[in-house]
There are 4 protein chains.
Amino acid sequence: MDTIPAPKMTRDEVAAYIDEVFPQANAGEKLFTIESVRINGARIRMNYNDRFIRPGGTISGPAMFTLADIAMYVAILAQVGRVPLAVTTSANINFLRRPAPTDMIAEVNLLKMGRRLAVGEVNMMSAGSDDIVAHATATYALPPNAVK
Amino acid sequence: MDTIPAPKMTRDEVAAYIDEVFPQANAGEKLFTIESVRINGARIRMNYNDRFIRPGGTISGPAMFTLADIAMYVAILAQVGRVPLAVTTSANINFLRRPAPTDMIAEVNLLKMGRRLAVGEVNMMSAGSDDIVAHATATYALPPNAVK
Amino acid sequence: MDTIPAPKMTRDEVAAYIDEVFPQANAGEKLFTIESVRINGARIRMNYNDRFIRPGGTISGPAMFTLADIAMYVAILAQVGRVPLAVTTSANINFLRRPAPTDMIAEVNLLKMGRRLAVGEVNMMSAGSDDIVAHATATYALPPNAVK
Amino acid sequence: MDTIPAPKMTRDEVAAYIDEVFPQANAGEKLFTIESVRINGARIRMNYNDRFIRPGGTISGPAMFTLADIAMYVAILAQVGRVPLAVTTSANINFLRRPAPTDMIAEVNLLKMGRRLAVGEVNMMSAGSDDIVAHATATYALPPNAVK
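Note that the structure is predicted; figures quoted are calculated from it, not measured.

In terms of helices and strands, chain A carries 2 helices and 8 strands. Seen along its three principal axes, the alpha-carbon backbone of chain A occupies a region of about 45 × 35 × 25 Å. For chain A, the residues scored as buried account for 48% of the 148 residues in total. Considering only contacts within chain A whose residues lie at least 6 apart along the sequence, 63% involve residues at least 24 apart.

Quick look at the structure:
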């Protein structure tokens, strides 16, 4: 199996970096919390907020997409270090169950961490449950020489 | 070719219905404007707003996903009438070019308008340009008996 | 967590059923082998065959898509029993690494086994390696009353 | 709008090149025919063949995926010239209607033809019909310096 290097940034370093380069992510509130980072992975919490609600009282699809996108970015940053210009090139999301009106947890697994492309999958669950509410895969393009 | 019935709702009827059942879509501001509806299609404008910005000053991926999702919902509503419980089951999005810091336009084409599933594609352009900035496909599940 | 019922068919029952209703899957040769079925999952082998090769000597993308599609069908059949008319409605696949010129293994996990839709993910590896070469998600529509 | 250069290869040049580098595409029969190439697009025919059939007598999903993948490769080759090492990195496909038991036509539109990535969409119809049977999007990675 490919040898995977240790992450280059800790949870707190990633959080500080995102607050610095991407303050809109939290929109002045505490919308997203990085719970942990690990080799090729991360766990992110989306704190329940009225702005995430859609008709019927559940978390909206775009809110879950936002969670998946941020979670991927966190896992990539943790793994390879500061990459300000990583951009999502494509994403696919399946909505599987009605989410509970509570926090959501995203578990990211990076499936590939190449020099030009990073690909990962994100499982999203309502906090306190193991049932997968939504599943996403996403590809990020990395700027040249981002990964050393 | 399949015969496609005329839309069941006008642009203004769809706009009023969304304001009624989904006031969060506009979050108290005028974020999205329905420009037109047509047979199996619609054109939606996402008005430029700071909340859509990501690092680098461009429109964020999640903002474009939100636009695509709302645009699909508008086209389905217009075509089949009031369907409060339509839910997105899956979506795929490709980000192709850096969007300009301005309004974005979404053009939806419904590829299939079945009794249980609606599938469409959405081309997104910066206002005033024909270059496609992002392209999405999405599937909505319709409640039983939604389409008569 | 949702309680998941035991599979309704064994590995040998699924294999016999597919040979009966879908003899083209193996095209007169032994292209695909069901290695095992389990609750909401299955493991399938695609036996190395010249017809799967693409320029450069590796397994082609369409061959991997075929493997993912058959693997999903096997997992659904095993879980819910004979469903002759299940059809794929959408699929997404990411090609991550160059596959070795050898057998490929597909591991399916059903993420949702609903009454109308089944959604699963498929990890594909070259035989003898744990590195994921391709990752797919797919949705199957089930005929009414298929799942009891 | 971006200025798009003229295609670098004609229909016959692309066909000869594919026969040379990828003889497996046609598997000793005449499975795929390039009908035309144009700026950022192409039209491909998949000739009806028993090997494409699935239970119920229709064209299989993997056969349509193969058609989409080859169609994308043809459009890229035509546009940028000989690129032997272009590889599909991801693809998404929606199956919309039951195909007729006849030839299928794929119309490709390249949405982006960048230096590192090409993204396109493919509409697939049964020959003689305008109804879209399947719709795919796919991304190809291009080797460095492939596009001059």
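Back to the text.
Least-squares fitting of chain D to chain B yields an RMSD of 0.0 Å, with the superposition described by an axial translation of 0.0 Å and a rotation of 180°. Seen this way, the second copy is the image of the first under a two-fold rotation axis. Measuring from the rotation axis to each C-alpha of chain D, the shortest distance belongs to D:N92, at 3.6 Å. In this assembly the copies share their binding face: 100% of the residues contributing to the interface of chain D also contribute to that of chain B.

Attention shifts here to the pairing of strand β8 (residues 132-141) of chain A. Taken residue by residue, a regular strand's side chains alternate between the two faces of the sheet. Residue and element names in this part refer to chain A. Burial analysis of β8 places 9 of its 10 residues in the buried class, the great majority of the element. Pairing between strand β5 (residues 87-95) and β8: 8 bridges, direction antiparallel. Bridge pairing links N92 to T137 in β8. Sheet topology note: the strand β7 (residues 117-126)/β8 ladder contains 9 bridges and is antiparallel. In the strand pairing of β8, V122 is matched with A136. If you look at the hairpin formed by β7 and β8, you'll find 5 residues sitting between the two strands, and G128 has a positive phi there, around 90°.

A few words on the interface of chain D and chain B. Taken together, the contact between chain D and chain B spans 17 residues of the former and 17 residues of the latter. Mapped by element, the contributors of at least two residues to the side of chain D that touches chain B are β5 (87-95), β6 (104-113), β7 (117-126) and β8 (132-141) of chain D. Looking at the side of chain D that touches chain B residue by residue, the classes come out as 5 nonpolar, 6 polar and 6 charged.

Right, let's get into the packing of helix α2 (residues 61-80) of chain A against helix α2 (residues 61-80) of chain B. Where α2(A) meets α2(B), the closest approach of the two axes is 9 Å, and the angle between their N-to-C directions is 155°. It follows that α2(A) is roughly antiparallel to α2(B) by the angle criterion. Classified by chirality, the crossing of α2(B) by α2(A) is right-handed. Residue-level inspection shows A:G61, A:P62, A:F65, A:T66 and A:D69 of α2(A) in contact with α2(B), the latter providing B:G61, B:P62, B:F65, B:T66 and B:D69. Residue composition of the contact of α2(A) with α2(B), grouped by class: 4 nonpolar, 4 polar and 2 charged.

This part is about the sheet that holds strand β1 (residues 32-38) of chain C. With respect to topology, 12 strands assemble into an open sheet ordered β1(C)-β2(C)-β4(C)-β5(C)-β6(C)-β3(C)-β5(D)-β8(D)-β7(D)-β6(D)-β2(D)-β1(D), the strand pairing being antiparallel. A single partner strand is all that each edge strand has here, and the edge strands are β1 of chain C together with β1 (32-38) of chain D. Going from strand to strand, the sheet's axes swing by 20° on average, the running direction of each strand aside. Judged from the 6 bridges that link them, strand β2 (residues 41-46) of chain C and strand β4 (residues 104-113) of chain C form a sheet pairing that is antiparallel. Residue C:R43 lies in a different strand from β4(C), and its bridge partner there is C:E107. In this fold helix α2 (residues 61-80) of chain D packs onto β3 (87-95) of chain C together with β1, β2 (41-46), β5, β6, β7 and β8 of chain D, with an angle of close to 50° to the strand it touches most, β6(D).

Let's shift gears to the interface of chain D and chain C. Size of an interface: often given as the accessible area lost when the parts come together. The interface of chain D with chain C comprises 25 residues on the first partner and 25 residues on the second. No other element matches β5(D), which puts 9 residues into the side of chain D that touches chain C. Partitioned by chemical class, the residues of the side of chain D that touches chain C number 13 nonpolar, 9 polar and 3 charged. Relative to β5(D), β3(C) is paired through 5 bridges, and the arrangement is antiparallel. Each residue of the ladder has a partner; that of C:N94, found in β5(D), is D:S90.

Backbone geometry places A:N40, a non-glycine residue, at a positive phi of 50°. Along the chain, A:N40 falls in the loop between β1 (32-38) and β2 (41-46).

Here we take up the relation of the copies chain D and chain C. For the match of chain D to chain C, the screw axis carries a shift of 0.0 Å, the RMSD comes to 0.0 Å, and the turn is 180°. A shared interface surface links the copies, since 100% of the contact residues of chain D are contact residues in chain C too.

Turning our attention to the sheet that holds β1(A). Spatial strand order, β1(A)-β2(A)-β6(A)-β7(A)-β8(A)-β5(A)-β5(B)-β8(B)-β7(B)-β6(B)-β2(B)-β1(B): 12 strands in an open sheet with antiparallel pairing. Edge positions in the open sheet fall to β1 of chain A together with β1 (32-38) of chain B, since each of these has one partner strand only. Ignoring which end each strand starts from, the neighbouring axes of this sheet average 20° apart. Set on the sheet, α2(A) makes contact with β1, β2, β5, β6 (104-113), β7 and β8 of chain A together with β5 (87-95) of chain B; between it and β6(A) the angle comes to about 50°.

Here we take up α2(B). All names here are of chain B. A rise of 1.5 Å per residue sets the reference length of α2, with its 20 residues, at 28 Å; its end C-alpha atoms lie 29 Å apart and thus fit the reference within 8%. Of all 20 residues in α2, 20 are buried, a share of seventy percent or more. Residue G81 follows α2 closely and has a positive phi angle near 90°.

For D:V87, the position within the fold is in strand β5. Here the alpha-carbon distance between D:V87 and D:I70, two residues 17 residues apart in the chain, equals 11 Å.

Alignment of β1(A) against β2(A), held across 6 bridges, turns out to be antiparallel. The residue bridging A:S36 from the neighbouring strand is A:R43, located in β2(A).

All names here are of chain C. By the secondary structure assignment, N49 is in the loop between β2 and α2 (61-80). A sequence separation of 40 residues divides N49 from M9, and the C-alpha atoms of the two residues are 28 Å apart. Apart from the residues lying within four places of it in its own chain, the contact partners of N49 are E29 and L31.

Moving on, we come to the confidence of the model for chain A. Summarising the model, chain A shows a mean pLDDT of 90, and 95% of its residues fall at 70 or more. In the predicted complex, the global pTM is 0.94; the interface-specific ipTM is 0.93.

The rules behind each value
Residues numbered from 1 in each chain as written. Chains lettered and ligands numbered in written order. Predicted model: local features only at pLDDT ≥ 70, side-chain atom pairs only at ≥ 80, totals over all residues. Helix = DSSP H or I, 4+ residues; strand = E, 2+ residues; numbered from the N terminus. Buried ≥ 20, exposed ≤ 12 C-beta atoms within 10 Å, placed from the backbone. Contact = placed C-beta atoms within 7 Å. Least-squares fit on C-alpha atoms with pLDDT ≥ 70 in both. Pairing = 2+ DSSP bridges. Nonpolar A, V, L, I, M, F, W, Y, C, P; charged D, E, K, R; others polar. Axes fitted to C-alpha atoms, helices over the stretch in contact; angles between N-to-C directions. Parallel < 35°, antiparallel > 145°, perpendicular 65-115°, else oblique. Left-handed = near helix turned anticlockwise from the far one by under 90°. Expected span 1.5 Å × (residues − 1). pLDDT = per-residue confidence, 0-100.

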